[in-house]
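Structural overview for review
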Number of protein chains: 2
Amino acid sequence: MAQDTARPSPRRDSSSITLQDIAAHSGVSRSTVSLVLRESPLVADRTRLKVQRSIKELGYVYNRGAAALRGSRTSTLGVVVYDIANPFFGAMVAGIDAALNKEGYVSFLANSEDSPQRQQRFLERMREHSVDGILLCPAEGTPPSLIDTLAEWQLPCVQVLRHIGAPPFDYASSDFVLGVHQAVDHLVALGHRRIAFLGGYAEHSATQERWQGYAEALAHHGLDYQRLIRGNVTRSAGLELIETLMREAPRPTAVICHNDLVAFGAMLGLKRLGLTPGQDCAVIGTDDVEEATLGDPALTSVATHPYAIGEEAARLALRRIADPDGAREQVVLAPRLQVRESCGGSLTETPATSPATAGSPP
Amino acid sequence: MAQDTARPSPRRDSSSITLQDIAAHSGVSRSTVSLVLRESPLVADRTRLKVQRSIKELGYVYNRGAAALRGSRTSTLGVVVYDIANPFFGAMVAGIDAALNKEGYVSFLANSEDSPQRQQRFLERMREHSVDGILLCPAEGTPPSLIDTLAEWQLPCVQVLRHIGAPPFDYASSDFVLGVHQAVDHLVALGHRRIAFLGGYAEHSATQERWQGYAEALAHHGLDYQRLIRGNVTRSAGLELIETLMREAPRPTAVICHNDLVAFGAMLGLKRLGLTPGQDCAVIGTDDVEEATLGDPALTSVATHPYAIGEEAARLALRRIADPDGAREQVVLAPRLQVRESCGGSLTETPATSPATAGSPP
DNA sequence: TTCTAGATTTAGACCCATCCAAAAAGATGC
DNA sequence: GCATCTTTTTGGATGGGTCTAAATCTAGAA
């Protein structure tokens, strides 16, 4: 109670100061200090100020580990992606980070490298660390039962980009079906009739949705030509696949690519074949990465907004944590076709389609 | 002790099982179970097996939060980068993740967006979470005192790619000085005499080292021409900077770029000016990202091995955690010039320089 | 002045593992 | 059989918060 000004402030070994010390210093109980720390409205203003002064003066450091032990939240989240070196995921993680940061959350990140085993190990570790929830981009070959396991563990999980297991589940992604529709519509409007689709394997929901959109859109426009080449979704895959494709007869006059990397590879492949992208063959990518603007030619691309997806996924996770039994949600952002030179249209930039609204996944 | 087979295994609400339950079930004390969990050699084999069986049978989940409260380690690390959307950092984070994973560590990731404030907030939060250490790529404008602050906090910190504060400090990076030397040497061998350097600002140690290498190498070869253009390190910056540069007289015959993004921008800029990269002007990048192989033309680049840097940084952090007062280390990997088409040499790939050995930073 | 609802504050149990010192059990030597 | 070492095991204190229910303190009502 009395201000002991006799000795210089008895600041102990930095962070060994506890609630008890603050309580003693400010003349209240441990409980009250705890309430102040958690910004409870129960505490009277005078008391709050007094305690806050002590906290600052003694250089107190909140111990979240201890708090988590008794309390119910850790303010941590686990995030699993399968290829963090891919800039798409980089942007997505940036979005997640920004959204979590606002709410005082921090996230553990794991790169599964598309290995279900690594993914599993990480999730078990997350359980041991008692994270409040999981953001999961499921690795290729993840058993659908994983979602049930997480549910048994009482660990809220938001699936991102890909989904496994049976609905209803929490999910955040882009509407890939709609994206391909937009691309096909645009090409048809430009007069194309032979439109191919490049890249992807059937295992992922995200690929299946693209293919579904492709088939639907062709049917919708009454087009007969249909050519879908499976393959990896890398630059070099695009390079190889386009060579196969252009050797066929009849050739397509346009290709839609699984992502921008494939599209860049395809454009390079066209050039190596002596063809001009956008003139001899239109190319449309997916994702609209930064590089698309500065390609040669600039790439028309279905923008899938990874940063926004990351933000939405994080926010959805926070909602689910706050209300674990709430109705499952699917936040599926509408993509937007970004028209540039690679599909031979004019060089002017045309705002192409509807503004962002929610669609629905299969 | 007696196997209570009367009722179906009394598996309670999933994860509410504690050491106490295991102890009771296997007929030993809590302490012994704890020793088993930590793989202590003190425990007799018979006992260990018995306990492990109980652990499995009851579906026990280790509570790391509780362990951390009493013990001294959390097996967690904080990682701060300033631009996770950049594939270079993506690869680096992948390396960090892989190295940590092997040792049972997990990491919190934050994207500072080059904001010292965000970085500061994150570091404070990491302290509250009692991470065992920090991997820090300091944000632009980070006060050098931050390193002292972390030391006061008793938080081991390995700086990565950039460094601030006074030596000795723990640091993992690439030898940027040597990288530029390699690039200049190669260009000089090809007959170039007017070599410019593109991009970067003086604030970062990583930029300063590149510039130092540039100046040193020119002096070493007795070249008079010296032209260094500051600027951002993005694709579009490269595009703009090269235009400025090529309008000068005399023009350089070669440019070395701060990173590959700048180099790609520069190549695009050359094409827009009607010049051919590798013929009218040689271009060399830094980092050797995947895309370099598939550029048009393929880009000669100083490979800086981000994945390896990430691994080394993580391992160094683990060493420092194990031995907080050990001598500070600087792990600086030697880069390697990857010769391709963009500097006009032949199209054959020449293994250019020495294999990886450690160099030393300024 | 006494009573009471509402606003504040608090004591003490609790979360779940780890640490330490000391006890118990087993092995060995004479 | 007893003392002496080892090898194993263990009780109880401990870490630093949060939770609950109850205690205390107001100010306005009766």
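1. Topic: the protein's contact with DNA strand C
As a structural note, the neighbourhood of DNA strand C is formed by 26 residues, with Thr47 of chain A together with Leu19, Ser34, Arg38 and Tyr60 of chain B the closest of them. Within 4 Å of the protein, the contacting atoms of DNA strand C are 69% sugar and phosphate, with bases supplying the remainder. One of the side-chain N or O atoms of arginine 30 of chain A is found 3.1 Å from a base nitrogen in DNA strand C. Between a base oxygen of DNA strand C and a side-chain N or O atom of arginine 70 of chain B, the distance comes to 3.2 Å. Tallying contributions element by element places helix α2 (residues 30-37) of chain A first for the surface near DNA strand C, with four residues. A per-class count over the surface near DNA strand C returns twelve nonpolar, nine polar and five charged.

2. Section: the protein's contact with DNA strand D
Neighbouring DNA strand D are 28 residues; Ser34 and Arg38 of chain A together with Thr32, Thr47 and Arg70 of chain B lie closest to it. By atom count, sugar and phosphate contribute 66% of the portion of DNA strand D lying within 4 Å of the protein. A distance of 2.8 Å separates a phosphate oxygen of DNA strand D from a polar atom in the side chain of tyrosine 60 of chain A. Where the surface near DNA strand D is concerned, the elements lending two or more residues are α2 and α4 (64-70) of chain A together with α2 (30-37) and α4 (64-70) of chain B.

3. Notes on the interface of chain A and chain B
Taken together, the contact between chain A and chain B spans 53 residues of the former and 53 residues of the latter. Counting the surface chain A buries against chain B, the share from its top three residues, Arg125, Glu128 and Leu294 of chain A, is 14%. Applying the counting rule to chain A against chain B returns eight salt bridges. Note that arginine 118 of chain A and aspartate 97 of chain B form a salt bridge whose closest N and O atoms lie 2.6 Å from each other. Per element, the largest residue contribution to the side of chain A that touches chain B is eight residues, and it comes from helix α5 (residues 87-102) of chain A. Taken together, the residues that form the side of chain A that touches chain B break down as 22 nonpolar, 17 polar and 14 charged. Across two bridges, the pairing between strand β2 (residues 106-111) of chain A and strand β2 (residues 106-111) of chain B is antiparallel.

4. Comments concerning empty space enclosed by the protein
A full pass over the atoms with the stated rule returns seven cavities of 30 Å³ or more. In this structure, the largest cavity occupies an estimated 320 Å³ of space. Sorting the residues of the lining of the largest cavity by element identifies α11 (260-272) of chain A together with α11 (260-272) of chain B as the ones contributing at least two each. Counting residues per element, the lining of the largest cavity draws most heavily on α11 of chain A, which supplies five residues. For the lining of the largest cavity, the per-class residue count stands at eight nonpolar, three polar and eight charged.

5. Quick look at the relation of the copies chain A and chain B
Mapping between the two copies of the chain is achieved by a rotation about an axis and a shift along the axis. Mapping chain A onto chain B leaves a residual RMSD of 0.1 Å; the transformation is a rotation of 180° accompanied by 0.0 Å of translation along its axis. Taken together, the rotation and translation describe the operation of a two-fold axis. Every residue of chain A has its C-alpha some distance from the rotation axis, and the shortest such distance is that of phenylalanine 108 of chain A, at 2.1 Å. Of all interface residues in chain A, 100% are interface residues in chain B too; the two copies therefore contact each other through one and the same surface.

6. What to know about the packing of aromatic side chains
Residue and element names in this part refer to chain A. Taken as a whole, this structure holds nine aromatic pairs over all chains when the rule is applied. Centre to centre, the rings of tyrosine 82 and phenylalanine 89 are 4.7 Å apart; their planes meet at 75°, and the pair counts as edge-to-face. Take phenylalanine 89: its relative accessible area is 3%, and that puts it in the buried class. Ring centres of phenylalanine 197 and tyrosine 214 lie 5.7 Å apart, and the angle between their planes is 50°; this geometry places the pair in the tilted category. Taken together, the residues phenylalanine 197 in strand β6 (residues 195-198) and tyrosine 214 in helix α9 (residues 205-220) connect sequence positions 17 residues apart. In this structure, phenylalanine 197 and tyrosine 214 share a single accessibility class: buried. Every member of this aromatic cluster is reached through a ring pair, and the members are Tyr82, Phe88 and Phe89.

7. Let's talk about the packing of helix α1 (residues 19-26) of chain A against α2 of chain A
The angle between the axes and the distance between the axes are what describe a pair of packed helices. Residue and element names in this part refer to chain A. At a minimum axis distance of 8 Å, the contact between α1 and α2 shows a crossing angle of 105°. Considered as vectors, α1 and α2 are oriented roughly perpendicular to each other. Where α1 abuts α2, its residues Leu19, Gln20, Ile22 and Ala23 lie against Arg30, Val33, Ser34 and Leu37. Broken down by class, the residue content of the contact of α1 with α2 amounts to five nonpolar, two polar and one charged.

8. Brief notes about the confidence of the model for chain A
All names here are of chain A. Residues of chain A with pLDDT of at least 70 account for 91%, and the chain-wide mean is 90. Across residues 1-12, where pLDDT falls below 50, the model places four contacts with residues more than four positions away in sequence or in other chains. Note that pLDDT drops below 50 for residues 346-362; the model gives that stretch 28 contacts with residues more than four away or on any other chain.

9. A closer look at the nonpolar core
One finds Val81, Met92, Leu135, Val160 and Leu161 of chain A together with Val81 and Met92 of chain B to be the most contacted residues of the largest nonpolar core, which totals 64 residues. Residues Val80, Phe108, Val131 and Trp153 of chain B belong to the second largest nonpolar core, which totals 34 residues.

10. Brief notes about unusual backbone geometry
Residue and element names in this part refer to chain A. Cis geometry is found at the peptide bond from aspartate 296 to proline 297, where omega equals 5°. Positionally, proline 297 belongs in the loop between β9 (282-287) and β10 (300-303). Its identity is not glycine, yet serine 75 carries a phi of approximately 60°, on the positive side. Its location among the elements puts serine 75 in the loop between α4 and β1 (76-81).

Conventions used here
- Counting starts from 1 at the beginning of each chain's written sequence and moves along it residue by residue.
- Numbering of ligands from 1 and lettering of chains from A proceed in the order in which they are written.
- At least 70 in pLDDT is required for a residue's local features to be given in this predicted model, at least 80 for side-chain atom pairs to be given and counted, and no such filter applies to totals for whole chains, interfaces and linings, which use all residues.
- As a rule here, side-chain values come from all non-hydrogen atoms in the structure, and water together with hydrogens is ignored.
- We call a residue near a molecule or strand as soon as one heavy atom of that residue lies within 4 Å of the molecule or strand.
- Polar contacts, as used here, are pairs of N or O atoms within 3.5 Å; protein pairs need one atom able to donate a hydrogen and one able to accept it. Residues neighboring in sequence count only if both atoms are side-chain atoms.
- Labels follow the DSSP assignment, with helices taken as runs of H or I lasting at least four residues and strands as runs of E lasting at least two, numbered in each case from the N terminus.
- When residues are grouped by polarity, Ala, Val, Leu, Ile, Met, Phe, Trp, Tyr, Cys and Pro land in nonpolar, Asp, Glu, Lys and Arg in charged, and all others, Gly among them, in polar.
- Contacts are assigned to residue pairs with any non-hydrogen atoms lying within 4.5 Å of each other.
- Buried area: the accessible surface (1.4 Å probe) lost by two parts on joining, summed over both.
- Salt bridges are defined as contacts in which a side-chain nitrogen from Lys or Arg sits within 4 Å of a carboxyl oxygen from Asp or Glu.
- Strands are labelled as partners when DSSP assigns at least two bridges between them.
- Cavities and pockets are found on a 1 Å grid laid over the protein atoms alone: a cavity is a set of points where a 1.4 Å probe fits but cannot escape, a pocket is an open set with protein on both sides within 12 Å along at least five of seven lines, and a lining residue has an atom within 4 Å of such a point.
- Grid points are joined across faces, edges and corners, and a volume is the space filled by probe spheres set on the points.
- Least-squares superposition of the copies uses the C-alpha atoms of those residues scoring a pLDDT of at least 70 in each of them.
- To pair, rings of Phe, Tyr and Trp, with the six-membered ring standing in for Trp, must have centres within 6.5 Å; the planes then decide the type, stacked if under 30 degrees apart, edge-to-face if over 60, and tilted in the middle.
- Here's how the labels work: a residue is buried when its accessible area is under 20% of the maximum for its type, exposed when over 50%, partly exposed in between, all with a 1.4 Å probe on protein chains only.
- Note on geometry: axes are C-alpha line fits, over the in-contact stretch for helices, and angles between N-to-C directions span 0 to 180 degrees.
- Here the word oblique covers every angle except those under 35 degrees (roughly parallel), over 145 (roughly antiparallel) and from 65 to 115 (roughly perpendicular).
- Values of pLDDT, which run from 0 to 100, indicate the predictor's confidence residue by residue.
- Residues grouped as a nonpolar core are buried Ala, Val, Leu, Ile, Met, Phe, Trp, Tyr and Cys residues, joined through side-chain atoms within 4.5 Å.

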